[in-house]
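Fold and contact review
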Amino acid sequence: MARSLRLFLYAVTLGSLFAIANSLGTSCTGPLGGGTAGASDPFWLQSISHRGTAAFNSNPSGYQVFRNVKDFGAKGDGVTDDTAAINAAISSGGRCGQGCPSSTTSPALVYFPAGTYLVSTPLIALYYTQLIGDAKHLPILLAAPSFTGMAVIDADPYIPNGGGAQYYVNQNNFFRSVRNFIIDLRQMPATSSATGIHWQVSQATSLMNIVFEMSTASNTAHQGIWAENGSGGMMGDMIFNGGKFGMWVGNQQFTVRNITVNNANTAVFSIWNWGWTFQRVTINNCQVGFDLLTGGTTQDTQSVGAEAIIDAVVTNTPIFVRSSVATSSLGGSLVLNNIRLNNVPTAVGVVGGAVVLNGGTTTIASWGQGNVYQGTNTAGTFTKGNIVAANKPSVLLDSAGNIFGRTHPQYEGYAPSQFVSVKDFNAKGDGTTDDTAALQNVLDQFWGCKIIFFDAGTYVVTSTLTIPAGAQIVGEVWSVIAGRGSAFQNAGNPTPVVRVGTSGSQGTVEITDMLFMTIGPTPGAIVVEWNVAQAAQGSAGMWDTHIRLGGSAGTNLDGSRCPSSGSGGFDNCFAAFMALHLTPSSSAYLEGTWVWLADHDFDGSGFGQVSLYSGRGILSESAGPVWLIGTAEHHTLYQYSLVNARNHYMGLIQTETPYYQPNPLAPTPFSINASYHDPSFSGDMNEALGLSVTSSTDIIIFGAGLYSFFQNYGQACLDTFNCQTHIANIDSSSSVTIYSLSTVATTWQLSVNGVGVANQGNNRNGFASTVTAWSR
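Remember, predicted model here, so these are calculated numbers, not experimental data. (Residues numbered from 1 in each chain as written. Predicted model: local features only at pLDDT ≥ 70, side-chain atom pairs only at ≥ 80, totals over all residues. Heavy atoms only, no water.)

1. Quick notes on the overall build of the protein chain
Threshold: Strands here mean DSSP runs of E at least two residues long; helices mean DSSP runs of H or I at least four residues long; both are numbered from the N terminus. Only the C-alpha atoms count toward the radius of gyration. The rule for a globule is 2.2 Å times the residue count to the power 0.38. Remark: exposure states derive from per-residue accessible area (1.4 Å probe, protein chains only) relative to the maximum for the residue type, with buried under 20%, exposed over 50%, and partly exposed in between. Charge counting follows a simple rule: Lys and Arg are positive, Asp and Glu are negative, and His as well as the terminal groups are ignored. A single reference atom marks each charge: NZ on Lys, CZ on Arg, CG on Asp, CD on Glu.
Of the regular secondary structure elements, the protein chain holds 4 helices and 50 strands. Here the C-alpha atoms of the protein chain give a radius of gyration of 24 Å, agreeing with the 28 Å that 2.2 N^0.38 yields for 776 residues. Dimensions along the principal axes, computed over C-alpha positions, put the protein chain at roughly 70 × 65 × 55 Å. Looking at the protein chain as a whole, 67% of its 776 residues qualify as buried. The positive charge centre, built from 30 side chains, and the negative charge centre, built from 44, are 6 Å apart in the protein chain.

Encoded structure:
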């Protein structure tokens, strides 16, 4: 099973992608090459030494980050009930469970060696937890015939007799990952409401490399994933076999990449959203591909707002997409792009049998249902038919003509001896010690010949840390690199905290499970400057790696210093000049990347709002290719800015405007910096832009959620849908195609040269307003 899944995933040999450079690290005698682990050897993560710490835990020396479930008594023999042992492994050490809204101080990586783990009640995935199985030999989580509870894995349990209350607020249920499992429900009765994963989560969350095995009986009630709420998120590289539903989902927004559903009644059932993007979907022998509850056009009747599907292959399935109601006006947007149907009689239909689009054996190039705009024409047209087909540069596509995708590297075939830990070279990761020299030493010695392992911890740097082209870096429960001190104080001459490659460099850079932040105030910090260009398609990237600014222990940027009242002032509350800069010669594959300036405290009460200031989110000047799947929130000038950029695929992108605006208006407390191509602000273009595009070509945005919820921390503006005036601005020299654009409480959903084009009042679609397609 694990072998078949790996064949479905993108495979890459590090030896063939070795950095294009004249040398290796100074201690290298040759390139890393291929993995040397034996076929029967366990996954390297099981055998490598673990010395991770939780730097800001109340007992950092005594707190255990890495936990092997077998050390807690789990047998994995398929007979013993392992539920209690696994939950003990997850919860030991006073972790953040019921009654704790959130915490960054008690992270845990819970590891499952190969085996079959019988469970009879849910495994409770607590806050800031990674559940990781052996990636070489996927462990099986086997639901007992008598299993009771919400799901085999539950990320947000309902409290018994709690009147619907749960452990966590769904929109704040951050930092989760589940990967490398087979979840088998088939011993449970076919008619039982058996669920693999209850996944009510928000940003910085991921599901990957999971197989769901469910009953194929005609009356099956099994489902792989159940998600009724939240604000995600990324999931992908999953297979669903059998079941009533592969996925039963409702969430503000999500990106789903690379899933296969076989022999289910319904592959994906969706009850509500503001916008979901599905990229690379394979459906075989189901009755319905996508079943969508539609028709809600007010907040009180919210249903599926926007579904965007790109690069799907559907075979022997009577109906590909089915809406719950017929419509002749906007009542749920749908975008289909590059959909290959094989014996699928109905491409798009309606419950009750009406056919909107005939199927057969054919390819749908670009089809939509919803309001379509073009250029500066303010009159959108309700369309139920062919829509604009974006130009797709070949550099963004794989050999089959699909948008390129690459799964999170896990180095399954590599042995522990092919890794080096930064703690072997005197890096402390204690949140206090200056680790700059130690980290740079490790990188300079071993790039290109070792995979560099950052044990869990917070590694402080006081000057720019350069990651050479050719480096592979793996963290442990989002190991932190934190910029601090005088080097990052000058907003007039900003300095990178982390520089990935040098200008003009080319090679393989892979960064996984890391987190970058600052210890404030740091008004002159560019948190990550990305210079490296890929050596082969997708070889330069980050996966499940985030930029998180403020709001957590150890940052000096919290509610006690910078409350929402603004009494902390500006000088004490600067988090960064810019979060992420993709420079002109770079290329990047970024999947599941959250670029977040905190709006509230993670630690302490978990609810207190903060007023922090980060000037800019993501600036891309890259000529591409760039693949960008992620979110950017609360930065002062913009969340995404593309300037002289080319060859970008972005989807789904999600943003929020700072809660304190319009007090003060943008760009305050920062100044416009022409060297970084800042947009100008005047008139009613006076708050942070979710998206700004200038002099850029071949930009494809396949799903966007750009939200404005507040005015100076008040939400009365939501009642009139008018929290700001403009949120996406494209200049007239750029060529951009946007599909499935949903905005919240913004008068002009999209503007050209500062002049509104798509008025939200014409595109109400539940709580959000949706433009199905726009191009120029």
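2. A word on the packing of aromatic side chains
For clarity, the cut-off: Any two of the Phe, Tyr and Trp rings considered here, Trp counted by its six-membered ring, make a pair once their centres fall within 6.5 Å; the pair's planes then place it as stacked at under 30 degrees, edge-to-face at over 60, or tilted in between. The criterion for a charge sitting over a ring is simple: Lys NZ or Arg CZ within 6 Å of the ring centre, and within 35 degrees of the ring normal.
Summed over all chains, the structure comprises 48 aromatic pairs. Above the face of the F721 ring, R764 is positioned so that its terminal group lies 3.7 Å from the ring centre.

3. Side note on the environment of N490
The following threshold applies: Contacts described as polar in this section are N or O atom pairs within 3.5 Å, which, within protein, must combine one atom able to donate a hydrogen with one able to accept it, while residues neighboring in sequence count only if both atoms come from side chains.
Here N490 lies in the loop between β29 (472-484) and β30 (495-500). The spacing of N490 and G524 is 34 residues in sequence and 4.4 Å in space, taken between C-alpha atoms. A polar side-chain atom of N490 sits 2.8 Å from the main-chain amide nitrogen of G492.

4. A closer look at empty space enclosed by the protein
Here is the rule we go by: Cavities and pockets were defined on a 1 Å grid built over protein atoms only: a cavity is a set of grid points that admits a 1.4 Å probe from which the probe cannot escape, a pocket is an open set flanked by protein on both sides within 12 Å along at least five of seven lines, and lining residues are those with an atom within 4 Å of any such point. Grid points are joined across faces, edges and corners, and a volume is the space filled by probe spheres set on the points. Classification used: nonpolar for Ala, Val, Leu, Ile, Met, Phe, Trp, Tyr, Cys and Pro, charged for Asp, Glu, Lys and Arg, polar for all others including Gly.
Summed over the entire model, instances satisfying the criterion amount to 7 cavities of 30 Å³ or more. Size it by volume and the largest cavity reaches roughly 250 Å³. T205, G233, M234, E591 and G592 are the residues nearest the centre of the largest cavity, which is lined by 29 residues in total. Elements that contribute at least two residues to the lining of the largest cavity include exactly β11 (205-213), β13 (234-241), β15 (253-262), β38 (588-597) and β40 (626-633). Its residues assigned to classes, the lining of the largest cavity shows 10 nonpolar, 15 polar and 4 charged. Of the pockets and cavities examined, the second largest cavity occupies roughly 190 Å³.

Just distances and angles here, no functional claims.
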